[in-house]
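# Observations on the model geometry
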Amino acid sequence: MSRRFPPRPIVAVGVILLEREAGGADRVLLVRRGHPPAEGAWTIPGGAVEVGESLEAAAARELREETGLAATLGPIVEVLDRVLTAADGRVAYHYVIVDFLGTCPVGPLAAGTDAAAARFVPVAELGAYATTTGLAAVIARAQALRDGRGAPAHRSTDRGPEGAAGTGADDGNFA
């Protein structure tokens, strides 16, 4: 199935991989998208679920393919729709994305497959990155879940023009 102008939504996953620095501050793993949609934007690693693949297996595979890392995965942090329209009003992309919390990264970090770059970024510095829409809020929920503050999974719908990237202030992910 074509990802651009799909006949139905595509199921995808993302991994919000958090790492605590020695001083107690959090860093999050970001990748810079190497392909549309949102090419050039910073977001969490993720991508489409393959036929016969569980959500967890897809998340682990996408993390490994895009960054070379493995991690402990779960729980689910976010479920969202990402719908982007072309100039003529047709739906250019439609993803239903399930984002997982990731902790305890293992392996050497290296950008791979469709990631143009990969790096751990201090959460306090997210505003300096051109991120996908909704990312900062999703990362905050992931931190709360990891720390036992009971943030429930959040479900949202993001609609916008094809090629749009967030500012970092409102900030989810793209498959």
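Provided above is the structure to which this section pertains.
Here we summarise the structure given alongside this text. Everything quoted here is computed from the prediction, not taken from an experiment.

## Some details on the packing of aromatic side chains
In this structure the tally under the stated criterion is two aromatic pairs. Ring centres of Trp 42 and Tyr 129 lie 5.4 Å apart, and the angle between their planes is 85°; on these two criteria the pair is classed as edge-to-face. Of the two residues, Trp 42 is situated in strand β3 (residues 42-43) and Tyr 129 in the loop between β7 (115-122) and α2 (135-146); the sequence distance between them amounts to 87 residues. Assessed through its relative accessible area of 7%, Trp 42 is described here as buried. When the ring of Tyr 93 is compared with that of Tyr 95, the centres are 6.4 Å apart and the planes differ by 10°; the resulting orientation is stacked. Exposure remark for Tyr 95: the relative accessible area of 1% places this residue in the buried category. Its guanidinium or amino end placed over the ring of Phe 5, Arg 90 lies 3.9 Å from that ring's centre, counting from NZ or CZ.

## Digging into the environment of Ala 136
Relative to the elements of secondary structure, Ala 136 occurs in helix α2. Overall, Ala 136 belongs to the partly exposed group, its relative accessible area being 23%. Residues Ala 136 and Thr 43, spaced 93 residues apart in sequence, show a C-alpha to C-alpha distance of 9.8 Å.

## Things to note about helix α1 (residues 55-67)
Residue pairs spaced three or four apart in an α-helix point in one direction, given the helix's 3.6 residues per turn. Taking 1.5 Å as the rise per residue, α1 with 13 residues should run 18 Å; its terminal C-alpha atoms sit 18 Å apart, in good agreement. Looking at α1, one finds that the buried residues are Ala 58, Ala 59, Arg 61, Glu 62, Leu 63, Glu 66 and Thr 67. Buried residues along α1 sit in contact with β1 (10-20), β2 (26-33), β4 (46-48), β5 (70-85), β6 (91-106) and β7. Where α1 terminates, the next one or two residues include Gly 68, which has phi positive at roughly 80°.

## A closer look at unusual backbone geometry
Across the junction of Gly 74 and Pro 75, the peptide omega takes the value 5°, indicating a cis bond. Position of Pro 75 among the secondary structure elements: in strand β5. The backbone of Cys 104 sits at a positive phi, close to 55°, despite the residue not being glycine. Mapped onto the fold, Cys 104 is located in strand β6.

Rules used throughout
- Residues numbered from 1 in each chain as written.
- Predicted model: local features only at pLDDT ≥ 70, side-chain atom pairs only at ≥ 80, totals over all residues.
- Heavy atoms only, no water.
- Phe/Tyr/Trp six-rings, centres within 6.5 Å; stacked < 30°, edge-to-face > 60°.
- Helix = DSSP H or I, 4+ residues; strand = E, 2+ residues; numbered from the N terminus.
- Buried < 20%, exposed > 50% of the residue type's maximum accessible area, 1.4 Å probe, protein only.
- Lys NZ or Arg CZ within 6 Å of the ring centre and 35° of its normal.
- Expected span 1.5 Å × (residues − 1).
- Contact = heavy atoms within 4.5 Å.

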